[in-house]
Amino acid sequence: MFTIDAHLDLSMNAMEWNRDLRNTVFDIREREKGLSDKPDRAKGTVAFPELRKGNVGLVVATQIARYVAPNNPLPGWASPEQAWAQTQGQVAWYQAMEACGEMVQINDLASLEKHLALWSDTTIPNEQKAIGYILSLEGADSIVTVDHVAKAYEYGLRAIGPAHYGPGRYAQGTDATGGLGPQGRNLLKEMERLNIILDATHLCDDSFWEALDHFHGNIWASHNLCRSLVNHNRQFSDEQIKELINRGAVIGGALDAWMMVPNWVRGVSTPENMNCNLEVMLDHLDHICQIAGNANHIGIGSDLDGAFGKEQSPYDLETIADLQKIPDMLLKRGYSQEDIEKVMHGNWLRFLRNAWK
Ligand SMILES: [Zn+2]
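The present account deals with the structure reproduced in this document. (Residues numbered from 1 in each chain as written. Predicted model: local features only at pLDDT ≥ 70, side-chain atom pairs only at ≥ 80, totals over all residues. Heavy atoms only, no water.)

**What to know about the overall build of the protein chain**
Secondary structure assignment for the protein chain yields 13 helices and nine strands. In terms of C-alpha radius of gyration, the protein chain reaches 19 Å, essentially the compact-globule figure of 21 Å for 357 residues. Every one of the 357 residues in the protein chain was classed for burial, and the buried ones make up 59%. Long-range contacts, defined here as pairs at least 24 residues apart, represent 72% of the contacts in the protein chain between residues at least 6 apart. If the 32 positive side-chain charges of the protein chain are averaged to one point and the 47 negative ones to another, these points end up 2 Å apart. (Helix = DSSP H or I, 4+ residues; strand = E, 2+ residues; numbered from the N terminus. Rg over C-alpha atoms; globule rule 2.2 N^0.38 Å. Buried < 20%, exposed > 50% of the residue type's maximum accessible area, 1.4 Å probe, protein only. Contact = heavy atoms within 4.5 Å. Lys, Arg positive; Asp, Glu negative; His and termini not counted. Charge placed at Lys NZ, Arg CZ, Asp CG, Glu CD.)

This is how it looks when you write it as structure tokens:
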């Protein structure tokens, strides 16, 4: 079934992990054997061949670069200008992948419909189809000034999550506290003017509520799970989920194990001993459906290879192609065929067609 994944850090993998995503996941793992600079070496799950194998024909793909003040222990750049330059390298990689026919940027209704027609043509093998990507920015620190938002729109940026982990220049993120401030509110105003989607993922509670109060455009949450199942500020409370549903949002289910099962200890827990499989993510999505009273607000935003690999992913997922196991799992849970199609792609498409009409 045609599948949309609303959150993949593809350019980060290419530019920081040095992965040529045109190779298979297995070839990339082979090349990384013996490397220990990152905990997920030789454990990746995402590459173009596996996306095609899994019918994942459209993704929301990120730019990402954090600014860190001298006292901030998180990894990042020492100035917003360096962070901007990092994101420009990431854009250059996406453009290089377009130039060789591997990817195609989707940035308006016409390009979306054309791309969907291509992927629904079963006479053409997936190997000959470019992977569509909608460009998103995870954490807005690299937006040097609000004027940079229009520059980014020009090269295709269509969604922004103002925050990531920790304190941000425009909003406060996971594990931080506090609101947007005047700069954050200016950013939202400019996003609204340009019809850029607000990604509510990673906003801390204070910034989340302030952002929703000040932003009147389209809102989604690309990769998020539920606080009532795994209690952490990175997850949405039921009140936040209710508000997102009221605003017409779609929430993408993430496949990062620590968000899926409670009491995960990074580097110690394993998917097997924590019983973390794909069904667990569906438990979270199911919870959102119970709040909504329908299946209109959930999708997939896997975040696979978002600085973690197989060691922190569901044990029944070898590569991203295994997203194709989800339709059968939903069927067994009693979801209708129509609802299954909504989860795999329909809800994101409804959202995009409405946002870009
Ligand atoms: Zn994230």
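**Brief notes about the coordination of the zinc ion**
Coordination sphere of the zinc ion, protein contribution only: Glu-138 (OE), His-202 (NE2) and His-223 (NE2), at 2.1 to 2.2 Å. Site description for the zinc ion: donor spacing in sequence, E-x63-H-x20-H. Here Glu-138 is found in strand 4 (residues 131-138), whereas its partner His-202 is found in the loop between strand 6 (197-199) and helix 8 (205-214), with 64 residues between them in sequence. (Donors = N, O, S within 2.8 Å, 3.2 Å for Na, K, Ca; no water.)

**Looking at the packing of helix 7 (residues 181-194) against helix 8**
Helices that pack against each other are described as a pair by the angle of their axes relative to one another and the distance between those axes. Two elements in contact, helix 7 and helix 8, have axes whose closest approach is 10 Å; the angle formed by their N-to-C orientations is 45°. In terms of their interaxial angle, helix 7 and helix 8 are classed as oblique. Of the two possible hands of crossing, helix 7 and helix 8 adopt the one that is right-handed. Residue-level inspection shows Gly-181, Arg-185, Leu-188 and Glu-192 of helix 7 in contact with helix 8, the latter providing Glu-210, Ala-211 and His-214. (Axes fitted to C-alpha atoms, helices over the stretch in contact; angles between N-to-C directions. Parallel < 35°, antiparallel > 145°, perpendicular 65-115°, else oblique. Left-handed = near helix turned anticlockwise from the far one by under 90°.)

**Description of the pairing of strand 2 (residues 56-63)**
Both faces of the sheet carry side chains from a regular strand, because those side chains alternate between them. Counted residue by residue, strand 2 has eight buried out of eight residues, so it is predominantly covered. Pairing analysis gives four bridges linking strand 1 (residues 3-8) to strand 2, with the strands arranged parallel. Within the sheet, the bridge partner assigned to Thr-3 lies in strand 2 and is Val-56. In the sheet, strand 2 pairs with strand 4 via six bridges, with the strands oriented parallel. Each bridged residue has a counterpart across the sheet, and for Thr-62 the counterpart in strand 4 is Ser-136. (Pairing = 2+ DSSP bridges.)

**Structural notes on the packing of aromatic side chains**
Taken as a whole, this structure holds nine aromatic pairs when the rule is applied. Ring centres of Phe-2 and Trp-119 lie 6.0 Å apart, and the angle between their planes is 55°; on these two criteria the pair is classed as tilted. Of this pair, Phe-2 sits in the segment before strand 1 while Trp-119 sits in helix 5 (residues 109-120), placing them 117 residues apart in sequence. A relative accessible area of 16% means that Phe-2 is categorised as buried. The side chain of Lys-129 reaches across the aromatic face of Trp-119, ending 5.4 Å from its centre. (Phe/Tyr/Trp six-rings, centres within 6.5 Å; stacked < 30°, edge-to-face > 60°. Lys NZ or Arg CZ within 6 Å of the ring centre and 35° of its normal.)

**Here we look at helix 2 (residues 25-32)**
Among the residues of helix 2, Val-25, Ile-28, Arg-29 and Glu-32 are the ones counted as buried. When helix 2 is viewed along its axis, its buried side chains cluster within an angular range of 100° and face the same direction. Buried residues along helix 2 sit against helix 3 (48-53). Looking one or two places after helix 2, you find Gly-34, whose phi comes out positive at around 95°. (Arc of directions from axis to C-beta.)

**Comments concerning the pattern of salt bridges**
Summed over the entire model, instances satisfying the criterion amount to 17 salt bridges. The closest approach of N and O atoms between Arg-29 and Glu-318, which form a salt bridge, is 2.6 Å. Within this pair, whereas Arg-29 is found in helix 2, its partner Glu-318 is found in the loop between strand 9 (298-300) and helix 12 (326-332), the two being separated by 289 residues in sequence. For Arg-29, a relative accessible area of 11% gives the class buried. Overall, the relative accessible area of 31% leaves Glu-318 in the partly exposed class. Asp-37 is the partner of Arg-41 in a salt bridge, and the nearest nitrogen-oxygen pair spans 2.8 Å. Given the relative accessible area of 7%, Arg-41 is considered buried. Through salt bridges with shared partners, a single ionic network connects Arg-19, Glu-32, Asp-37, Arg-41 and Asp-305. (Salt bridge = Lys/Arg side-chain N within 4 Å of Asp/Glu carboxyl O.)

**Re the nonpolar core**
Core analysis: the biggest nonpolar cluster contains 90 residues, and Leu-10, Phe-48, Leu-51, Val-59, Trp-93, Leu-244 and Met-281 have the highest contact counts within it. Setting aside anything within four residues of it in sequence, one finds Leu-10 in contact with Leu-21, Val-46, Phe-48, Val-59, Ala-61, Trp-93, Tyr-94 and Met-103. With 20 residues, the next largest nonpolar core counts Ile-4, Leu-349, Phe-351 and Ala-355 among its residues. (Core = buried A, V, L, I, M, F, W, Y, C linked by side-chain atoms within 4.5 Å.)

**Looking at the packing of helix 9 (residues 238-246) against helix 11 (residues 278-292)**
Interhelical geometry of helix 9 versus helix 11 gives an angle of 65° and a closest axis separation of 10 Å. For the element pair helix 9 and helix 11, the recorded crossing hand is right-handed. On the side of helix 9, the interface is formed by Asp-238, Ile-241, Lys-242 and Ile-245, while helix 11 contributes His-287, Ile-288, Ile-291 and Ala-292. In the contact of helix 9 with helix 11, the residues fall into five nonpolar, one polar and two charged. (Nonpolar A, V, L, I, M, F, W, Y, C, P; charged D, E, K, R; others polar.)

**Let's talk about the environment of Gly-166**
As for its position among the elements, Gly-166 is in the loop between strand 5 (157-161) and helix 7. In this structure the C-alpha to C-alpha distance between Gly-166 and Thr-45, which are 121 residues apart in sequence, comes to 26 Å. Discounting residues that sit within four places of it in the chain, Gly-166 has contacts with Leu-74, Gln-172, Gly-173, Thr-174 and Ala-176.

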